[in-house]
Structure formats: C-alpha cells, structure tokens
Amino acid sequence: MTKRNIAVVVGGDSSEYVVSMNSGANVMKSIDREHFTPWMVKMRNGVWEVIDGETKIANVDKSDFSFSVDGKKIQLEYAYIIIHGSPGENGILQGYFDLIGIPYSSSDTESSALTFNKFYCNNFLRTSGIEMARSFHLVKGDDYDIDVILSELGLPIFVKPNAGGSSFGITKVKTADELKPAIEKAFEEDDEVLVDEFISGTEFTCGLVKIGEKKLVFPATEIIPRNEFFNYESKYVAGMAEEITPARISEEAMLEIQALSSQIYDLCGCNGIVRIDFIRHEGRFYFLEVNTIPGMTGTSFIPQQVEAMELDLKELLTEIIEEGINKAKV
C-alpha cells in the first residue's frame, strides 16, 4: 500500500502560536503511520517550512504545497490544519488550499470566516433563534459611549477581541473605571471588540464531527475554573480548572446540548472536528462561540471527549483524512 504524504499544519501569526505547536505535536503522534506519512509544516510570519522538532527539513513550495529532500520532490496530498487563529481559523489558509486543490481537515473558507468573526456569527445565529448574551460591537478608531454600554449591559461585563481564541485579551469588568482599559487591552489583539452582557452560570463545551453520513457528537464537558472565568491560565495551567467529562448533567440536558451543538454545526456549514462553547443559566444553554480548530493537546477538551465516547483518536483522524482525500477525487 502506498502511504500518502500528509501535512500537519501548525504555527500561525496569532497569540495562539504556542498552543498550535502543542496541538500539532499531539496530532502528529496520533496519525496512523501505517496509512500515512505525516510531515509537520510550520507557518509563521510568511515562512513555511517542514520541521522535525526544532530542526528545519525544507522550505515549502507555496505554488503546489510540496517540498524537496535530497533532490526528491515530495508532494503533500492533504492538510490537517491545526493553526488556532490566523491564518488557519479565519478562512485564509482554506482559500489557498482550495485554489491549489489540496483537501484539508477543517471547515471551508466561508464557514471559517463566519465563525471566526464573533460579531457576524452571533448575528447570523440569532436569526435562527440561538440564545446568547447581548453585546456591543466596537471598531478601533470609532467613538463609543461608556455610559451607554453600561446602561444597556450593566455590570459585570466581558470585553473580548472579536476574532481570536484561547482567551487572549479578555477581561471581566466589574467597575465602570475598568471598562476603557479593558477595551484598549482587547484592541491590542484585534481591530474589533465585543462587550458582552454577563450571564452567570456554568460553562460547558461540546465537540463533534460529521464524516459522510456519520454524526459523532461527543459527551459535553463541564468546566469549573479556579479563576473568576475560564481565562488563558485556566485553560493551559495544570490545576487551574476542573474539567469534567461527561458533564454532571441529566441525560435530557446532555441530549439538549448535543442537539444544539449539531444544529449550530449545520447552520454554520462546519466540517471536521469542531467545538462549541455554552454557558448554562437557570437550566438553559446560551451560546458563546464556535471553535473550528479546537485545541488538540493531550489535555484538551476534544481528546478528553473522544476518550469518554470510547473512540480511538487515531482511528477517528484516519476516517477524517480518508474522507477528505476521497471527496477530493470526486
């Protein structure tokens, strides 16, 4: 059997670079070497290179997504994208692969662009009756009225970059004096900012993937941060959050969050493994955001949920990759 050369694409230009590198290492470890020959491709500041650990193997030819070793050209036939943030999660990289005809693991250009822009995604999902917090959308350079925001949303409130992940630039604002500095902090991450109404409750996250006719909605995870909210430290520092998979909710509530996740997946036109976050308040699930390139480190939610569903991550990745390659042949 001829093994296909596939790329595990990592890096990116956002604050989530380190998270992407760690996710990519776990994906590389989980690729079935009997079916595929995986190569790690790092993209950073316009430089694309094949790497092995800290060692550079070759530059990637961007004209056809290939590289050469010892005079031999190796054509990469598939891309497992694990770049969190730009250019992997906002549709830019997907557009490149579409242009050159390389199949990939994630949602397509349009879906990625929609879900990455929280303001657009929120407004789109509201039209389908998805419940979520009220918010203000701010654009860098435009005037905004602190008093109007506070009168509409009250305190506390959350301020976050409109596009981004891993909780970079997010602040829970408790007093009026904290709001402007929080907005300025968020503008350091993005040119657009959301100021969200605070909804008290417990946070949950639910991963899923649809492969052909197969729908796999994983058991949701209940998140109990040691900090006031699920910030970067809570996500990536051991012991700073309790993550319970499956979540300690009734079977009825589990089916509800899974059905809601599946609905949002379809509404946004998602593909590949996706994770959707919620806050549960007084028994109702309120939408937070869609993650089309969720973390895949050894301790990330998706590997936890895959294990809780008694699935094998290696087999699951094989199914995803083979479906992408086979669809590209049609």
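Higher on the page you've got the structure.
Calculation rules
- Residues numbered from 1 in each chain as written.
- Predicted model: local features only at pLDDT ≥ 70, side-chain atom pairs only at ≥ 80, totals over all residues.
- Heavy atoms only, no water.
- Helix = DSSP H or I, 4+ residues; strand = E, 2+ residues; numbered from the N terminus.
- Buried < 20%, exposed > 50% of the residue type's maximum accessible area, 1.4 Å probe, protein only.
- Contact = heavy atoms within 4.5 Å.
- Areas by Shrake-Rupley, 256 points an atom, 1.4 Å probe, with all protein chains shown as cover.
- Lys, Arg positive; Asp, Glu negative; His and termini not counted.
- Charge placed at Lys NZ, Arg CZ, Asp CG, Glu CD.
- Expected span 1.5 Å × (residues − 1).
- Polar contact = N/O pair within 3.5 Å; in protein donor to acceptor, adjacent residues only side chain to side chain.
- Phe/Tyr/Trp six-rings, centres within 6.5 Å; stacked < 30°, edge-to-face > 60°.
- 1 Å grid on protein atoms, 1.4 Å probe; cavity = no way out; pocket = protein on both sides within 12 Å on 5 of 7 lines; lining within 4 Å.
- Points joined across faces, edges and corners; volume = space filled by probe spheres on them.
- Nonpolar A, V, L, I, M, F, W, Y, C, P; charged D, E, K, R; others polar.
- Pairing = 2+ DSSP bridges.
- Axes fitted to C-alpha atoms, helices over the stretch in contact; angles between N-to-C directions.
- Core = buried A, V, L, I, M, F, W, Y, C linked by side-chain atoms within 4.5 Å.

## Regarding the overall build of the chain
Here is step 1: Along the backbone of the chain there are 10 helices and 17 strands.
Here is step 2: Its C-alpha atoms put the chain at 65 × 45 × 40 Å along the principal axes.
Here is step 3: The proportion of buried residues among the 330 residues of the chain is 54%.
Here is step 4: Long-range pairs, those at least 24 residues apart, make up 63% of the contacts in the chain between residues at least 6 apart in sequence.
Here is step 5: Surface summary for the chain: the accessible area is close to 15,000 Å², and the carbon and sulfur share equals 48%.
Here is step 6: The chain carries 31 positive and 52 negative side-chain charges, and their two centres are separated by 4 Å.

## Notes on helix α1 (residues 17-30)
Here is step 1: Under the 1.5 Å per step criterion, the end-to-end length of α1 is 20 Å for 14 residues, consistent within 8% with the ideal 20 Å.
Here is step 2: The buried fraction of α1 amounts to 10 of the 14 residues, a majority that puts the element mostly inside the structure.
Here is step 3: Buried within α1 are the following residues: Tyr17, Val19, Ser20, Met21, Ser23, Gly24, Asn26, Val27, Met28 and Ser30.

## Observations concerning the environment of Glu54
Here is step 1: Inspection of the secondary structure puts Glu54 in the loop between β3 (47-52) and β4 (55-59).
Here is step 2: Between the alpha carbons of Glu54 and Tyr80 there is a distance of 20 Å; along the sequence they are 26 residues apart.

## Concerning the side chain of Lys210
Here is step 1: Note that Lys210 resides in strand β12 (residues 202-211).
Here is step 2: One polar contact links Lys210 to Ser262, side chain to side chain, over a distance of 2.7 Å.
Here is step 3: With near-sequence residues (within four places) excluded, Lys210 lies in contact with Lys215, Ser262, Tyr265, Asp266, Asn271 and Glu323.

## Section: the packing of aromatic side chains
Aromatic rings considered in pairs are described by the distance between their centres and by the relative angle of their planes.
Here is step 1: Here the structure, examined in full by the defined rule, presents 10 aromatic pairs.
Here is step 2: Three or more aromatic residues joined by ring pairs make a cluster, and in this case those are Trp48, Phe65, Tyr96, Phe97 and Tyr104.

## Observations regarding empty space enclosed by the protein
Here is step 1: In the structure shown here, the tally under the stated rule is 2 cavities of 30 Å³ or more.
Here is step 2: Considered as a void within the structure, the largest cavity measures approximately 80 Å³ in volume.
Here is step 3: Around the largest cavity sit Tyr80, Ile81, Ile82, Ser105, Ser106, Gly272, Ile273, Thr292, Ile293, Pro294 and Met296, which together line it.
Here is step 4: Here the lining of the largest cavity is built from residues that sort into 7 nonpolar, 4 polar and no charged.
Here is step 5: Counted as a void, the second largest cavity has a volume near 30 Å³.
Here is step 6: Lining the second largest cavity, in full, are Thr115, Lys118, Cys121, Asn122, Phe287, Leu288, Glu289 and Val290.

## Things to note about the side chain of Thr221
Here is step 1: Along the chain, Thr221 falls in strand β14 (residues 221-225).
Here is step 2: Of note is the side chain of Thr221, whose polar atom sits 2.6 Å from the side chain of Thr245.

## Quick notes on the sheet that holds strand β2 (residues 36-44)
Here is step 1: Judged by pairing direction, the sheet is mixed, and its 5 strands sit side by side in the order β4-β3-β2-β1-β7 without closing on themselves. With one partner strand each, in any of the chains shown, β4 and β7 (78-81) form the two edges of the open sheet. This sheet shows a mean twist of 40° between the axes of neighbouring strands, independent of strand direction.
Here is step 2: The sheet contact formed by strand β1 (residues 4-11) and β7 spans 4 bridges and is parallel. By the bridge assignment for β7, Ala7 is matched with Ala79.
Here is step 3: Packing of helix α10 (residues 313-329) onto the sheet brings it into contact with β1, β2 and β7, and relative to β7 it is tilted by some 135°.

## A look at the nonpolar core
Nonpolar side chains in soluble globular proteins tend to be buried together.
Here is step 1: In this structure, Phe65, Tyr80, Phe97, Ile264 and Phe287 are the most contacted members of the largest nonpolar core, which totals 75 residues.
Here is step 2: Among residues more than four places away in sequence, those in contact with Phe97 are Val9, Phe65, Ala79, Ile81, Ile102 and Tyr104.
Here is step 3: Listed in part, the 14 residues of the second largest apolar core include Leu153, Ile183, Ala186 and Val195.

## Looking at unusual backbone geometry
Here is step 1: In the segment running from Ser86 into Pro87, the intervening peptide bond is cis, with an omega of 0°.
Here is step 2: With respect to the secondary-structure elements, Pro87 resides in the loop between β7 and α2 (92-100).
Here is step 3: Look at the link from Thr245 to Pro246: it is a cis peptide, with omega at -5°.
Here is step 4: Relative to the helices and strands, Pro246 resides in the loop between β15 (241-244) and α8 (251-267).
Here is step 5: A positive phi angle, close to 60°, is found at Phe65, a residue other than glycine.
Here is step 6: Here Phe65 lies in the loop between β4 and β5 (66-69).
Here is step 7: When its relative accessible area of 0% is taken as the criterion, Phe65 is described as buried.

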